[in-house]
Amino acid sequence: MIRPALALRVGLWLVLAACFVPPPASATIQYSISLEHPEGHVFAVEMRIPGVSGGVTVQLPAWNALYMVRDFSSHLRQVSALAGGKPAPVEKLDKQTWRISGSGTITIRYETFWDEPGPFATQLNSEHAFVNPAMILLYVPERRGEDVRLELRQLPSGWRATSALLPTTSAGKDAPAAAMSAANYDALADAPIEAGQFEEFVLPGVSPTVRVVIHSENWDRAQLTESLRRICSYEMELMRDRPFAEYTFLLHIGRTAGGAGGGMEHANSTAISVSEMEYVNGVSAHEFFHLWNVKRIRPASLEPVDYTREQYSRALWFAEGVTSTYGAYTQVRSGLWSKEQFYADLAGQIGELERRPANIWQSAEESSLDAWLEKYPLYNEGDKSVSYYTKGQVLGVLLDILIRDRTGNAASLDDVLRRMNEEFARKRRTYQDSGDVRRMAESVAGGSFEEFFRRYVSAAEPLPYREILALAGLELREEESLRASIGFQLLRESAAGYRVNGPLAEAALAAGLRPGDMILEWDGGQVPRRLEHWLRSRKTGEKLRLRLRREDAELSIEVPLGEEREMTCQVKEAHGAGEKAKQIREGLLHGRTQPGVAGAATPR
């Protein structure tokens, strides 16, 4: 997953290891979703459960798509039920659980309101519907493993529907517009649905089939096609594996992203929302690599899925952070980035770590465990936490260099990922968090990494950037620079959103901003989840457009961005680097092991 940073830092993943397997023609549990009134943002849902004796308990997930308990039941209303065609008693047991009394086939009906943009949410409006099924569909806890069938009904005129579980379809007002089956509830939950008036095409020269479904404006088809072709071709060649029959990109770019940003990985698809075309490559390279790392190469700590509460893992630094390592590798090795862009990105990750005081005490594993705290703004402050994305990405590069150095550039982190794919994904086994990552790295490098994992993964000792980068003929430099600043602080108020908090800069006060203002819109969308990334894409003096609620009134203001000083890093090629170091550097940039021998072909 890549979470918002512009929201581009994009992690938690819908949890499901198995690929979709076509189920029997007649499914056990059936769902029907009506989109008849998109302007009201309300999905009308019907669930039919056969074979009930005495009663049945149903639940709605409390979390999905982000490591956050978001209580999707808060969107749900008017639960009713029938047993044998007659009204049946419904008892609510807790915030997300209901008990229906009766026997035979139980029919449950309810409505759920959703109008939130982005890949981590669900939305229904007059333009389109985007559905993360786990956010709107109840399940029977003890029958989650049974096959299921879903129909979308009453689509507005001209709309079509698609997901990884079905080809694009359309139908009349009363007939099902889409009917899809899945092997179980988890598989259905892992296949988001797009409905509306979208464009669709297949990437040429890529096998198996990769579909692109795009609900966007002002996008460049030729540029998008070539970028995605390079990304998919390189990563499949790198992993020497094609673990899908068909893969689907669901893209929202520009206005249709609704101000949301980021990407969410799924077993055979990804949903991506970005504000500009320029961000598609980075998010896509990260999300497509999740085909292997996290969707199939999975930590045991996240299996089996428990939708009712937090599920803790020490391995997110690897599952998400090292996926970011390969997002960067893919872009430079496929020719989408120059080597200078790769160095700048690596330097940016190092600089972000070093600017956060929490880096001296929060380890990569602890940051992984604390992912569930990210919904609290206080936790995201620099002295309270570091990102497992950022620390994991840097650790991935450092570990890669060490493997290459120990083996004379005969092996690399690429071999570790391929070996994990063989040992775990293809054998349908989960790995034991950091312990198995270390074991795989040691088997590839032929020596111990106990000290590296003990000091830099499990503990938070200062990372030896300069020492390890030098092994690849690289050097790290630091300099002071200026960056944009919003001039106020944010205070999160649970699901209500964010309020303006003091102290306020003079420019913010002069623009009319006041402590306590509730932020309804931020530049036409949502408040960025990772504000520091958003700020680095802005310039001092640019206007931040805010729509606010103050007491009983709404108002719109523009706040000019100020500036603040920060230390930045640069990664440069070292003059006088030895031949071995140069070979390792070339290996990082081109995916090569052994002098002059390609580990994975670069598509052109």
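Residues numbered from 1 in each chain as written. Predicted model: local features only at pLDDT ≥ 70, side-chain atom pairs only at ≥ 80, totals over all residues. Heavy atoms only, no water.

Student: Even after reading the chapter, I still don't get the overall build of the protein, so can you show me in this structure?
Tutor: On a plain count of helices and strands, the protein comes out with 14 helices and 27 strands. Over its C-alpha trace the protein gives a radius of gyration of 24 Å, about what one expects of a compact globule, namely 25 Å for 604 residues. Oriented by its inertia axes, the alpha-carbon framework of the protein measures out at about 80 × 60 × 45 Å. Among the 604 residues that make up the protein, the fraction classed as buried is 58%. (Helix = DSSP H or I, 4+ residues; strand = E, 2+ residues; numbered from the N terminus. Rg over C-alpha atoms; globule rule 2.2 N^0.38 Å. Buried < 20%, exposed > 50% of the residue type's maximum accessible area, 1.4 Å probe, protein only.)

Student: Where do I start with the sheet that holds strand 6 (residues 90-94) in this structure?
Tutor: Whether parallel or antiparallel, the strands of a sheet pair through hydrogen bonds between backbone atoms. In space, the three strands of this open sheet follow the order 3-7-6, with antiparallel pairing throughout. Unpaired on one side and paired on the other, strand 3 (55-59) and strand 6 mark the two borders of the sheet. Within this sheet the neighbouring strands show an average axis-to-axis angle of 25°, counted without direction. Both strand 6 and strand 7 (residues 97-101) contribute to a ladder of four bridges, which runs antiparallel. Note on strand 7: the bridge partner recorded for Asp94 is Thr97. (Pairing = 2+ DSSP bridges. Axes fitted to C-alpha atoms, helices over the stretch in contact; angles between N-to-C directions.)

Student: How do you make sense of the side chain of Asn293 when you look at a structure like this?
Tutor: Structurally, Asn293 can be placed in the loop between helix 3 (280-289) and helix 4 (316-333). Exposure remark for Asn293: the relative accessible area of 0% places this residue in the buried category. Separated by 3.0 Å, the side chain of Asn293 and the backbone oxygen of Phe318 make a polar contact. (Polar contact = N/O pair within 3.5 Å; in protein donor to acceptor, adjacent residues only side chain to side chain.)

Student: Sorry, what's going on with the packing of helix 4 against helix 8 (residues 413-425) here?
Tutor: As a packed pair, helix 4 and helix 8 sit with axes 12 Å apart at the nearest point and diverge in direction by 125°. As the angle between them shows, helix 4 and helix 8 are arranged oblique. Pair helix 4 / helix 8 crosses with left-handed handedness. On the side of helix 4, the interface is formed by Phe318, Val322, Tyr326 and Arg333, while helix 8 contributes Leu413, Asp414, Leu417 and Met420. (Parallel < 35°, antiparallel > 145°, perpendicular 65-115°, else oblique. Left-handed = near helix turned anticlockwise from the far one by under 90°. Contact = heavy atoms within 4.5 Å.)

Student: Looking at this model, I keep getting lost on the sheet that holds strand 23 (residues 498-501). Mind explaining?
Tutor: With respect to topology, five strands assemble into an open sheet ordered 22-23-24-25-26, the strand pairing being antiparallel. Looking at the sheet topology across the chains shown, the edges are occupied by strand 22 (489-492) and strand 26 (553-560). Ignoring which end each strand starts from, the neighbouring axes of this sheet average 45° apart. Pairing analysis gives eight bridges linking strand 25 (residues 543-550) to strand 26, with the strands arranged antiparallel. Its bridge partner lying in strand 26, Leu546 is registered against Ile557.

Student: How should I be thinking about the pairing of strand 16 (residues 199-202) in this particular structure?
Tutor: When strand 16 meets strand 17 (residues 209-214), the two strands line up antiparallel, connected through four bridges. Following the sheet pairing, Phe201 is matched in strand 17 by Val212. Between the antiparallel neighbours strand 16 and strand 17 lie six residues, among them Gly205 with a positive phi of about 75°.

Student: Sorry if this is basic, but what is going on with the pairing of strand 25 here?
Tutor: Residues in a regular strand project their side chains so that they alternate between the two faces of the sheet. Note: strand 24 (residues 518-522) against strand 25, four bridges, orientation antiparallel. For Met518, the partnering residue across the bridge sits in strand 25 and is Arg549. Where strand 25 folds back on strand 26, the antiparallel hairpin that results is connected by two residues, among which Glu551 adopts a positive phi of roughly 55°.

Student: Looking at this structure, how should I read the environment of Arg160?
Tutor: Summarising the element assignment, Arg160 is placed in strand 12 (residues 160-163). Under the relative-accessibility criterion, Arg160 is labelled partly exposed at 26%. Within the structure, Arg160 has its side chain in polar contact with the backbone oxygen of Phe198 (distance 2.5 Å).

Student: Is there a simple way to think about the pattern of salt bridges in this case?
Tutor: Oppositely charged side chains are able to pair whenever their charged atoms sit close together. Enumeration over the complete set of coordinates arrives at 43 salt bridges. Close ionic contact of Asp405 with Lys580 constitutes a salt bridge, the shortest N to O distance being 3.2 Å. Placement of the pair is Asp405 in helix 7 (residues 388-406) and Lys580 in helix 14 (residues 579-590), with a sequence separation of 175 residues. Arg418 is the partner of Asp415 in a salt bridge, and the nearest nitrogen-oxygen pair spans 3.0 Å. (Salt bridge = Lys/Arg side-chain N within 4 Å of Asp/Glu carboxyl O.)

Student: Would you mind showing me how to read the packing of aromatic side chains here?
Tutor: Given two aromatic rings, their pairing is described by the distance between the two centres and the angle made by the two planes. Using the criterion set out here, one finds 30 aromatic pairs in the structure. Taking the centre distance of 5.8 Å and the plane angle of 80° together, the rings of Tyr185 and Tyr307 count as edge-to-face. Placement of the pair is Tyr185 in helix 1 (residues 185-189) and Tyr307 in the loop between helix 3 and helix 4, with a sequence separation of 122 residues. Here Tyr247 and Phe249 contribute two aromatic rings whose centre-to-centre distance is 5.3 Å and whose plane-to-plane angle is 70°, an arrangement assigned as edge-to-face. Of the two residues examined, Tyr247 and Phe249, each falls in the buried class. Three or more aromatic residues joined by ring pairs form one cluster here, namely Phe244, Tyr247, Phe249, Phe288, Phe289, Trp292, Tyr326, Tyr329, Phe342 and Tyr343. Looking at Arg144, its charged tip hangs above the ring of Tyr139, at a distance of 5.9 Å from the centre. Directly above the ring of Phe449 sits Arg406, whose terminal nitrogen or CZ lies 3.9 Å from the centroid. (Phe/Tyr/Trp six-rings, centres within 6.5 Å; stacked < 30°, edge-to-face > 60°. Lys NZ or Arg CZ within 6 Å of the ring centre and 35° of its normal.)

Student: Is there a simple way to explain helix 5 (residues 339-355) in this structure?
Tutor: Compared with the 24 Å implied by 1.5 Å per residue over 17 residues, the 24 Å span of helix 5 between its first and last C-alpha is a close match. Listed in full, the buried residues belonging to helix 5 are Phe342, Tyr343, Leu346, Ala347, Gln349, Ile350, Gly351, Glu352 and Leu353. (Expected span 1.5 Å × (residues − 1).)

Student: Please clarify how unusual backbone geometry should be interpreted in this entry.
Tutor: A negative phi angle is the norm for most residues apart from glycine, just as the trans form is the norm for most peptide bonds. Omega for the bond connecting Ser207 with Pro208 falls within 30 degrees of zero, at 0°, which places this linkage in the cis form. By the secondary structure assignment, Pro208 is in the loop between strand 16 and strand 17. The linkage connecting Glu303 with the following residue, Pro304, adopts the cis geometry, with an omega of -10°. Relative to the assigned elements, Pro304 resides in the loop between helix 3 and helix 4. With phi around 75°, Ala65 is a residue other than glycine that occupies positive phi space.

Student: Quick question: what am I supposed to make of helix 7 here?
Tutor: An α-helix turns once every 3.6 residues. As a result, residues three or four positions apart point the same way. Here helix 7 contains 19 residues, and its C-alpha end-to-end distance of 26 Å stays within 8% of the 27 Å for a straight helix at 1.5 Å per residue. Counting buried positions along helix 7 gives 17 out of 19 residues, so the element sits mostly inside the fold. Put simply, Ser387 is the residue that caps the front of helix 7, since its side-chain oxygen is 3.0 Å from the backbone nitrogen of Tyr389. With its phi angle positive at about 65°, Gly408 sits one or two positions after the end of helix 7.

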